[in-house]
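So the chains spell out like this:
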Amino acid sequence: MTMVRRVDVTDAAASLVRDLTVQHGPLMFHQSGGCCDGSAPMCYPVGMFITGPGDVLLGALDVGLDAPVEVYMSASQFEYWKYTHLTIDVVPGRGAGFSVEGPTGMRFLIRSRMLDAAELEHFGLRAAAEAGRPAPLVVGDSMGRA
């Protein structure tokens, strides 16, 4: 059975996360809402960016480390992105934010696609998508845990 996820990571981005973990310790992502670096995924050492009840856990990435790397987004932004699958990738360049990859000459970015029918069904969004109306938001954890 295939695991349904809202967020994935490319091999190149996973490699950079492993390298940055050696330097900074355990890391996490918060999908930026568009302030400093557009809508780039911001990578921080765990504990440097505090998440709370207004954030949604999109998933936990297996990047080849002992512990997964969690990915969050604000609940208000999630309302716009909930029908979308996100993939964290990395490209040459320098972001303008506070994300830890800044000095490496690389920057994380999001590649997105619409959820397919099976994914919509899994996340309880299919009926709302077919009816053209918003689905209810479950704040806290979109991975199936309330």
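As the structure is a computational prediction, the values presented were derived from the model and not from experiment. (Residues numbered from 1 in each chain as written. Predicted model: local features only at pLDDT ≥ 70, side-chain atom pairs only at ≥ 80, totals over all residues. Heavy atoms only, no water.)

## Some thoughts on the overall build of the protein chain
Consideration 1: Helix and strand counts for the protein chain stand at four helices and seven strands.
Consideration 2: Counting over 146 residues, the protein chain shows a buried share of 45%.
Consideration 3: Long-range contacts, defined here as pairs at least 24 residues apart, represent 59% of the contacts in the protein chain between residues at least 6 apart.
Consideration 4: For the protein chain, the accessible area works out to roughly 8,000 Å², and carbon and sulfur atoms hold 57% of it. (Helix = DSSP H or I, 4+ residues; strand = E, 2+ residues; numbered from the N terminus. Buried < 20%, exposed > 50% of the residue type's maximum accessible area, 1.4 Å probe, protein only. Contact = heavy atoms within 4.5 Å. Areas by Shrake-Rupley, 256 points an atom, 1.4 Å probe, with all protein chains shown as cover.)

## Let's talk about helix 1 (residues 11-24)
Consideration 1: Along its 14 residues, helix 1 runs 20 Å from first to last C-alpha, staying within 8% of the 20 Å computed at 1.5 Å per residue.
Consideration 2: Where the residues of helix 1 are buried, they touch strand 1 (7-9), strand 2 (27-31), strand 5 (69-74), strand 6 (84-92) and strand 7 (106-114).
Consideration 3: Gly25 sits one or two positions beyond helix 1 and adopts a positive phi of about 85 degrees. (Expected span 1.5 Å × (residues − 1).)

## Remarks on the side chain of Gln31
Consideration 1: Turning to its location among the elements, Gln31 is positioned in strand 2.
Consideration 2: Using a relative accessible area of 2% as the deciding quantity, one classes Gln31 as buried.
Consideration 3: Leave out the neighbours within four places in its chain, and Gln31 touches Ser39, Ala40, Pro41, Tyr72, Met73, Gln77 and Ile110.

## Comments concerning the sheet that holds strand 4 (residues 55-61)
Consideration 1: Across the sheet, which stays open at both edges, the four strands sit in the order 3-2-5-4 with mixed pairing between neighbours. Where the open sheet ends on each side, the last strands, each with one partner, are strand 3 (41-45) and strand 4. Averaged over all pairs of adjacent strands, the angle between their axes in this sheet comes to 25 degrees, without regard to strand direction.
Consideration 2: In the packing of helix 1 onto the sheet, the strands contacted are strand 2, strand 3 and strand 5, and the crossing angle to strand 2 comes to about 120 degrees. (Pairing = 2+ DSSP bridges. Axes fitted to C-alpha atoms, helices over the stretch in contact; angles between N-to-C directions.)

## Quick look at the pairing of strand 3
Consideration 1: By the criterion of burial, strand 3 is predominantly enclosed, with five of the five residues buried.
Consideration 2: In this structure, strand 2 lies alongside strand 3, joined through five bridges in antiparallel fashion. Counted as the bridge partner of Gln31 is Pro41 from strand 3.

## Examining the sheet that holds strand 7
Consideration 1: If you trace the three strands from one edge of the open sheet to the other, you get 1-6-7, paired in mixed fashion. Looking along the sheet, the strands with just one partner apiece sit at the ends: strand 1 and strand 7. Along the sheet, successive strands turn relative to each other by an average axial angle of 25 degrees, direction set aside.
Consideration 2: Bridging between strand 1 and strand 6 involves three bridges; their strand directions are parallel. When the sheet's bridge partners are listed, Asp8 is paired in strand 6 with Thr87.

## Notes on the packing of aromatic side chains
Consideration 1: What the rule picks out here adds up to two aromatic pairs.
Consideration 2: Their ring planes at 85 degrees and their centres at 5.0 Å tell us that Phe29 and Phe108 sit as a pair that is edge-to-face. One end of the pair, Phe29, is in strand 2; the other, Phe108, is in strand 7, and 79 residues separate them in sequence.
Consideration 3: Phe29 sits in the buried class, given a relative accessible area of 1%.
Consideration 4: Aromatic side chains Tyr44 and Phe49 sit 5.1 Å apart centroid to centroid with 15 degrees between the ring planes, which places their arrangement in the stacked category.
Consideration 5: Residue classification places Phe49 among the partly exposed residues on the basis of a relative accessible area of 27%.
Consideration 6: Of note, Arg6 hangs over the ring of Phe123, and the distance from its end group to the ring centre comes to 4.0 Å. (Phe/Tyr/Trp six-rings, centres within 6.5 Å; stacked < 30°, edge-to-face > 60°. Lys NZ or Arg CZ within 6 Å of the ring centre and 35° of its normal.)

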